[in-house]
Amino acid sequence: VQLQASGGGLVQAGGSLRLSCATSGLTLSRYRMGWFRQAPGKEREFVAAITRSGGSTYYADSLKGQFTIPRDNGKNTMYLQMDSLRPEDTAVYYCAASASIIISAMRRFASYDLWGQGTLVTVSS
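Owing to the predicted nature of the structure, the values given are computational and were not obtained by experimental measurement.

Caption draft 1: Molecular detail of the environment of arginine 107. Examined against the element boundaries, arginine 107 turns out to sit in the loop between β10 (91–98) and β11 (114–115). For arginine 107, a relative accessible area of 42% translates into the label partly exposed. Once the C-alpha coordinates of arginine 107 and tyrosine 58 are considered, the two residues, 49 residues apart in sequence, prove to be 8.2 Å apart. The contacts of arginine 107, once residues within four sequence positions are left out, are Phe36, Phe46, Tyr58, Tyr59 and Ala60. Here tyrosine 59 takes part through its backbone oxygen, which lies 3.1 Å from a polar atom of the side chain of arginine 107.

Caption draft 2: Quick peek at the state of the cysteines. Considering all chains together, one arrives at one disulfide under this definition. Two residues share a disulfide in this structure: cysteine 21 and cysteine 95, whose sulfurs sit 2.2 Å from each other. The sign of the S-S torsion, about 70°, decides the handedness of the disulfide formed by cysteine 21 and cysteine 95: right-handed. A residue pair is termed long-range when its members are at least 10 positions apart, and cysteine 21 in strand β3 (residues 17–24) and cysteine 95 in strand β10 qualify at 74 residues. Residue class for cysteine 21 comes out buried when judged on its relative accessible area of 0%. The exposure class of cysteine 95 is buried, given its relative accessible area of 0%.

Caption draft 3: Representation of the pairing of strand β1 (residues 2–6) in the model. Taking every second residue as pointing to the same face, the buried face of β1 carries Leu3 and Ala5, while none of Gln2, Gln4 and Ser6 on the other face is buried. Judged from the five bridges that link them, β1 and β3 form a sheet pairing that is antiparallel. Residue pairing in the sheet places alanine 5 in a bridge with cysteine 21 of β3.

What counts, and at which threshold
Residues numbered from 1 in each chain as written. Predicted model: local features only at pLDDT ≥ 70, side-chain atom pairs only at ≥ 80, totals over all residues. Heavy atoms only, no water. Helix = DSSP H or I, 4+ residues; strand = E, 2+ residues; numbered from the N terminus. Buried < 20%, exposed > 50% of the residue type's maximum accessible area, 1.4 Å probe, protein only. Contact = heavy atoms within 4.5 Å. Polar contact = N/O pair within 3.5 Å; in protein donor to acceptor, adjacent residues only side chain to side chain. Disulfide = S-S within 2.5 Å. Pairing = 2+ DSSP bridges.

Okay, here's the thing in structure tokens:
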């Protein structure tokens, strides 16, 4: 089982990036998934999460309207569309998955049991 995050890079403030989380070795439709990020010197924080079918999505309050978290179970891939990026969005972004996580726990990184390696997003001012 593998989660592979990609799509990070350097972008100017106000720009957009789309991160991908490609999965292998699992049936993605059985997993609830999330994105987390960790900035230098800070704790890992919740970004967004999505239910198995994609019918429900959840966002950190500060990111609502700025980020979206679509998924394509047929392609075994989840995405994070990030718009209007700001320097404070600079972080390593991680994707995570769990087949057993309950919805009320989807904002907690400790609740996920599968993790990607992280992809660095740097937003310049």
